[in-house]
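Spelled out from the first residue to the last, the chains are:
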Amino acid sequence: MSTSLLRHAVFTRFWIGDIASVVGNQMVVLAVGWQIYDLTNSALSLGLVGLAHFGAQFLFTLSAGHAADRYDRRHVAVLCQAAQFTAAIVLAAANFGGWITPEIIYACVALTGIAQTFQNPAMRSLLPSLVGDELLPRCIAFHAAAKKTAIILGPALGGLVYLWGSSAVYFASAAFYALAGVIILIVPSTFVRRQHEPVTLQYVFGGLHYIFNKPIILGAISLDLFAMLLGGAVALLPIYARDILHAGPLGLGLLRSAPAVGAVLASLYLVRSPMTHSVGKILFSSVTVFGVATIVFGLSAWLPLSLLALAIMGMADMVSVVIRSSLVQLETPVDMRGRVSAVHSLFTGTSNHLGQFESGITAAWWGTVPAVVVGGIGTLIVVALWMRWFPDLIKREVLATRRG
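To keep things clear, this report deals only with the structure shown in the data block. (Residues numbered from 1 in each chain as written. Predicted model: local features only at pLDDT ≥ 70, side-chain atom pairs only at ≥ 80, totals over all residues. Heavy atoms only, no water.)

Focus on the overall build of the protein chain
Moving on, step 1. Across its full length, the protein chain holds 17 helices and zero strands.
Moving on, step 2. Sorting the 404 residues of the protein chain into buried and exposed places 60% on the buried side.
Moving on, step 3. Taking contacts inside the protein chain between residues at least 6 apart in sequence as the whole, the part at least 24 apart equals 88%.
Moving on, step 4. As displayed, the protein chain has an accessible area near 16,000 Å², and 70% of this comes from carbon and sulfur atoms. (Helix = DSSP H or I, 4+ residues; strand = E, 2+ residues; numbered from the N terminus. Buried < 20%, exposed > 50% of the residue type's maximum accessible area, 1.4 Å probe, protein only. Contact = heavy atoms within 4.5 Å. Areas by Shrake-Rupley, 256 points an atom, 1.4 Å probe, with all protein chains shown as cover.)

Considerations on the side chain of arginine 396
Moving on, step 1. Within the fold, arginine 396 resides in the segment after helix 17 (391–394).
Moving on, step 2. Since its relative accessible area comes to 12%, arginine 396 is described here as buried.
Moving on, step 3. A polar contact of 2.8 Å, which involves the side chain of arginine 396, links it to the backbone oxygen of valine 398.
Moving on, step 4. Among all residues touching arginine 396, those that are not within four sequence positions of it are Ile216, Ser278, Val279, Gly280, Leu327 and Glu331. (Polar contact = N/O pair within 3.5 Å; in protein donor to acceptor, adjacent residues only side chain to side chain.)

Some words on the packing of aromatic side chains
The description of an aromatic ring pair rests on the distance of the ring centres and on the angle between the ring planes.
Moving on, step 1. Taken as a whole, this structure holds five aromatic pairs when the rule is applied.
Moving on, step 2. With centroids separated by 6.3 Å and ring planes inclined at 50 degrees, the aromatic side chains of phenylalanine 60 and phenylalanine 118 adopt a geometry described as tilted. With phenylalanine 60 in helix 3 (residues 43–70) and phenylalanine 118 in helix 5 (residues 102–131), this pair connects stretches of sequence that are 58 residues apart.
Moving on, step 3. Accessibility expressed as a relative area gives 30% for phenylalanine 60, which makes it partly exposed.
Moving on, step 4. Ring pairing ties together the aromatic residues Phe226, Trp386, Trp389 and Phe390, which thus form one cluster. (Phe/Tyr/Trp six-rings, centres within 6.5 Å; stacked < 30°, edge-to-face > 60°.)

Thoughts on the pattern of salt bridges
Moving on, step 1. This structure, assessed with the given rule, holds four salt bridges.
Moving on, step 2. For arginine 242, the salt bridge goes to aspartate 38, with nearest N and O atoms at 3.9 Å. Taken together, the residues span a long stretch of sequence, with arginine 242 in helix 11 (residues 237–244) and aspartate 38 in helix 2 (residues 9–40) at a distance of 204 residues.
Moving on, step 3. Judged by relative accessible area, which is 28%, arginine 242 ranks as partly exposed.
Moving on, step 4. For aspartate 38, a relative accessible area of 47% puts it in the partly exposed group. (Salt bridge = Lys/Arg side-chain N within 4 Å of Asp/Glu carboxyl O.)

Section: helix 4 (residues 73–97)
Moving on, step 1. With 25 residues, helix 4 should reach 36 Å at 1.5 Å per residue; the first-to-last C-alpha distance of 36 Å fits that figure.
Moving on, step 2. The N-cap of helix 4, judged by a side-chain oxygen 3.0 Å from the amide nitrogen of arginine 74 a few residues on, is aspartate 72.
Moving on, step 3. Positive backbone phi, at 80 degrees, marks glycine 98, one or two positions downstream of helix 4. (Expected span 1.5 Å × (residues − 1).)

A short note on the nonpolar core
Moving on, step 1. The biggest cluster of nonpolar side chains holds 111 residues, and the ones touching the most others in it are Phe14, Val32, Leu91 and Phe297.
Moving on, step 2. When residues of this core are assigned to their parent elements, the largest contribution, 14 residues, is made by helix 2.
Moving on, step 3. Beyond its immediate stretch of four places on either side in the chain, phenylalanine 297 contacts Ala233, Leu237, Tyr240, Ser306, Ala309, Leu310, Met313 and Val372. (Core = buried A, V, L, I, M, F, W, Y, C linked by side-chain atoms within 4.5 Å.)

Overview of the environment of alanine 363
Moving on, step 1. In this fold, alanine 363 is placed in helix 15 (residues 337–366).
Moving on, step 2. Alanine 363 sits in the buried class, given a relative accessible area of 8%.
Moving on, step 3. In contact with alanine 363, other than residues within four places in its own chain, are Ala43, Leu236, Thr368 and Ala371.

Some thoughts on the packing of helix 13 (residues 279–299) against helix 16 (residues 368–389)
Moving on, step 1. The geometry of helix 13 relative to helix 16 is characterised by a closest axis approach of 7 Å and an angle of 165 degrees between their N-to-C directions. Considered as vectors, helix 13 and helix 16 are oriented roughly antiparallel to each other. You can see that helix 13 and helix 16 cross each other, and the crossing is left-handed. Of helix 16, the residues touching helix 13 (which contributes Phe284, Val287, Thr288, Phe290, Gly291, Val292, Thr294, Ile295, Phe297, Gly298 and Leu299) are Val369, Val372, Val373, Gly376, Ile377, Thr379, Leu380, Val383, Trp386 and Met387.
Moving on, step 2. Its residues assigned to classes, the contact of helix 13 with helix 16 shows 15 nonpolar, six polar and no charged. (Axes fitted to C-alpha atoms, helices over the stretch in contact; angles between N-to-C directions. Parallel < 35°, antiparallel > 145°, perpendicular 65-115°, else oblique. Left-handed = near helix turned anticlockwise from the far one by under 90°. Nonpolar A, V, L, I, M, F, W, Y, C, P; charged D, E, K, R; others polar.)

Side note on the packing of helix 13 against helix 14 (residues 303–330)
Moving on, step 1. Running from N to C, helix 13 and helix 14 point in directions that differ by 155 degrees, and their axes come no closer than 8 Å. Comparing the axis directions of helix 13 and helix 14 gives the class roughly antiparallel. Two packed elements cross with a definite hand, and for helix 13 against helix 14 that hand is left-handed. Residues Val279, Ile282, Leu283, Ser286, Val287, Val289, Phe290, Ala293, Thr294, Val296 and Phe297 of helix 13 pack against Leu305, Ser306, Ala309, Leu310, Ile312, Met313, Ala316, Asp317, Val319, Ser320 and Ile323 of helix 14.
Moving on, step 2. The class makeup of the residues in the contact of helix 13 with helix 14 is 17 nonpolar, four polar and one charged.

Remember that the coordinates give geometry; whether it matters functionally is a separate question.
Dropping the structure here:
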């Protein structure tokens, strides 16, 4: 099945461009995490990296959804690559010149956060127009596998390049952003000028209103939001790599890659065997497994067990991603996909980046291991509550294809 998707030339260009961008981003994430902890020796500083990214996303989400519905989504994505390229070059120059500071890192993280805030809804809402609704669930799974492969390669490559210094990592990531921009630009345009509603508050908040009036979509997105917000162990990987597992920058690369390894295995299985029934129960089961694996990782002081726990977390998260993303895209009208995808990105960004800040705060208060274990327990509590509050979601049988 994956081979047939690769024969879809337009889709192939799309995901190659996206992969290049992800590799660049993962190299920056690894270098920033290691460097900020090395400069400050502070778990709180790691949390502030997540807060800088989330703050940018929170401020610009509604504007990003508007841009994705009004303008050519390819052009929006290319401009985002240019902004991330600029941030990477500034970080490289600051390291090379010896004037790097935590404040410069936070500023560049914020710029990257703004770029990704506009990039995510543009790319997410572009995909359905390239492949159509019938192929969309398979394409999401295959695309996710490719992105997770990039998440494996990015940190591993970043950890290796870091041996030549932090500047080398940032220069390499800038090259990947440039490559991504060129490839995305040659994806054929699917932009169609439509008669849009006037830009009113009702229009701008349309995506948020739509999600809150779709309990199944709201339940799926918010389940991910709170589970990942509490189970954000990945934010503390630099501490585990240096102080608990004593694995160094290369070990940090392996730890950051481990969830992606599990996610690739899960997504490749989903490409060959799409979910045809009991998707609600599968969703809740996957988040439960994620919570248990988080607890195991938090307690582990042995690198192989830590890698295994992270891989299982990645598998479970990937199942949740495919279900959630398919529901959002298939049940959203074409002219609203940008705004709905922007709100979806805000939810997932909140879980990832605000979760990073939450992990940094709790680790500073309670210590690293208790913070991760409590987060895993919190994830299990969220699953129990959401099963009670969103009964229609757990009863959901299929990823029903929206028509029209």
